[in-house]
Amino acid sequence: MKGLPNERVTMLFSATLPEDIDALAKKYMKNPTKIEIEAKTLTVDRIEQVCYRVEEKNKLNLLRDVTIVENPDSCVIFCNTQAKVEALYAELSKRQYPCDKIHGGMEQDDRIRVMNNFKKGCFRYLIATDVAARGIDIDNISLVVNYDVPVLRENYVHRIGRTGRAGKSGKAVTFVMSTDERRISEINSYTGKELEFSKKPRGSVVIELTPAFQSKLGEKVEIKETKGAALSEEILKLHINAGKKTKMRAVDVVGTLCSIEGMTKDDIGVISIHDVSTFVEILNNKGNMVLKALQTKNIKGRPRSVTVVDEERLQQGRPRR
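Residues numbered from 1 in each chain as written. Predicted model: local features only at pLDDT ≥ 70, side-chain atom pairs only at ≥ 80, totals over all residues. Heavy atoms only, no water.

### Regarding the environment of Val 76
So, step 1. By secondary structure assignment, the location of Val 76 is in strand E2 (residues 75-78).
So, step 2. According to the relative accessible area criterion, Val 76 is buried, its value standing at 0%.
So, step 3. Counting along the chain gives 84 residues from Val 76 to Ile 160, while the straight-line C-alpha distance between them is 9.4 Å. (Helix = DSSP H or I, 4+ residues; strand = E, 2+ residues; numbered from the N terminus. Buried < 20%, exposed > 50% of the residue type's maximum accessible area, 1.4 Å probe, protein only.)

### Observations regarding the pattern of salt bridges
A side chain of one charge can pair with a side chain of the opposite charge if their charged atoms are brought near each other.
So, step 1. For the coordinates displayed, the defined rule picks out 20 salt bridges.
So, step 2. The network of salt bridges with common partners includes Glu 56, Lys 59, Lys 84 and Asp 148. (Salt bridge = Lys/Arg side-chain N within 4 Å of Asp/Glu carboxyl O.)

### Examining a nonpolar patch on the surface
So, step 1. Taken together, the side chains of Met 1, Leu 4, Leu 24 and Tyr 28 make up a nonpolar region of the molecular surface, amounting to roughly 360 Å² of accessible area.
So, step 2. Residue position: Leu 24 is located in helix H1 (residues 19-28).
So, step 3. Taking relative accessible area as the criterion, Leu 24 reaches 43% and is therefore assigned partly exposed. (Patch = residues over 30% accessible without salt bridge, like charges linked within 9 Å, V, L, I, M, F, W, Y side chains within 5 Å. Areas by Shrake-Rupley, 256 points an atom, 1.4 Å probe, with all protein chains shown as cover.)

### Here we look at unusual backbone geometry
So, step 1. Within the chain, Asn 71 stands out as a residue other than glycine whose phi angle is a positive 45°.
So, step 2. Of note, Asn 71 is situated in the loop between helix H2 (59-70) and E2.
So, step 3. For Asn 71, a relative accessible area of 16% gives the class buried.
So, step 4. Phi angles above zero are rare outside glycine, and Asn 285 is one such case at about 60°.

### Things to note about the packing of helix H5 (residues 153-160) against helix H6 (residues 181-191)
Packed helix pairs are specified by the crossing angle of their axes together with the interaxial distance, meaning the distance between the axes.
So, step 1. Axis separation between H5 and H6 bottoms out at 8 Å; the angle between their running directions is 70°. Here H5 lies roughly perpendicular to H6, going by the angle between them. Residues Arg 153, Glu 154, Tyr 156 and Val 157 of H5 lie in contact with H6, whose contacting residues are Glu 186, Ile 187, Tyr 190 and Thr 191.
So, step 2. Residues belonging to the contact of H5 with H6 are distributed by class as follows: four nonpolar, one polar and three charged. (Axes fitted to C-alpha atoms, helices over the stretch in contact; angles between N-to-C directions. Parallel < 35°, antiparallel > 145°, perpendicular 65-115°, else oblique. Contact = heavy atoms within 4.5 Å. Nonpolar A, V, L, I, M, F, W, Y, C, P; charged D, E, K, R; others polar.)

### Here's the deal with the sheet that holds strand E3 (residues 99-102)
So, step 1. Strand order in the open sheet formed by six strands is E1-E6-E5-E2-E4-E3, and the pairing between neighbours is parallel. Among the strands making up the open sheet, the edge pair consists of strand E1 (47-53) and E3. Between one strand axis and the next, the sheet turns by 20° as a mean value, whatever way the strands run.
So, step 2. Examined bridge by bridge, E3 and strand E4 (residues 125-128) share four bridges and lie parallel to one another. (Pairing = 2+ DSSP bridges.)

### Here we look at the pairing of E3
So, step 1. The alternating pattern of E3 places Cys 99 and Lys 101 on one face and Asp 100 and Ile 102 on the opposite face, and all of these are buried.
So, step 2. In this fold, E3 hands off to helix H4 (residues 108-120), which returns the chain to E4; that crossover is right-handed. (Right-handed = clockwise from strand over helix to strand, strands pointing away.)

### Here we look at the nonpolar core
So, step 1. Formed by 26 residues in total, the largest nonpolar core has its most connected members in Ile 77, Leu 88, Leu 92 and Phe 175.
So, step 2. Those elements that place two or more of their residues in this core are E1, H2, E2, helix H3 (82-94), E4, strand E5 (143-146), strand E6 (170-176) and helix H7 (203-217).
So, step 3. In terms of residue count, the dominant contributor to this core is H2 (five residues).
So, step 4. Not counting the four nearest positions on each side in its chain, Phe 175 is found in contact with Tyr 52, Val 54, Lys 59, Leu 62, Leu 63, Val 66, Val 145, Asn 146, Tyr 147, Val 149 and Asp 180. (Core = buried A, V, L, I, M, F, W, Y, C linked by side-chain atoms within 4.5 Å.)

### Observations concerning H5
So, step 1. The buried fraction of H5 is high, at six of eight residues.
So, step 2. Regarding H5, the residues found buried are Asn 155, Tyr 156, Val 157, His 158, Arg 159 and Ile 160.

### Looking at the sheet that holds strand E8 (residues 268-273)
Across a sheet, paired strands are connected by hydrogen bonds in the backbone, their directions being either parallel or antiparallel.
So, step 1. Reading across from one edge, E8-E9-E7-E10 is the order of the four strands in this open sheet, with antiparallel pairing throughout. Every other strand in the sheet has two partners, leaving E8 and strand E10 (306-308) as the edge strands with one partner each. Strand-to-strand, the axes of this sheet are offset by a mean angle of 25°, without reference to chain direction.
So, step 2. Direction of pairing for E8 relative to strand E9 (residues 278-282): antiparallel, over a ladder of four bridges.

Quick look at the structure:
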């Protein structure tokens, strides 16, 4: 905030307005106008909401049965902790589910990679903490599973809102333990709608539908074109062989890039600085020109190795260069 000009217009957008966000607004905004859009209900009518009573030790088997019966094209499974996400990801991977994971303990670049791959349809099942509940903008998620009941009642609304988008129907399944009753009551009070409990899928139904489920698991993935794909063709991502350990700063990168003839700050995209690496996006089809210039130009007082990031290898989790 200190780096912003004094003469400015400040706008704050938030899906919800909890106390900490409200405090930020009061601290940095002068007599702001509050604009709030209220829906008649917090949940979307076209989302079918189902609850199953289950204890922790039986959740994995129930998840198997639910996914076999629902056999979704795209599914998000929400857990409350990073450790639970990691454990569930390991279990589903062993069972040959096409899946990946996302949580707040991952590097931002890795989270972006996973989300982009999910949007493209590279895998069907995303295991996530609430870090993903408000950041997924995908139109074709057919199933959301609350493997854990969310701690905050607001997060229930954000989670199930990942399905039933763009006028499509969706389904949200919640696993409820005996210790979750209070949280369910809070969710009911918050949404103004009673969550209904259902009987677990019958064994005979699961057995009958298993072949179709296994067949879909083995299907070749059809990669979808994501929003902004055409724009991405104008972007070249570069790797600079220096980072936090050599005290590299974003201002050092920007200063060097803007000293190249034909470059302005508007041609610079996201800059990500890691321990020994820095990644920078060059926009507007100027990437090759910048790459060539940086071969003979110092960055932060000395020559640096600058290469093009192989996005395909990066998305597959291979070395970045």
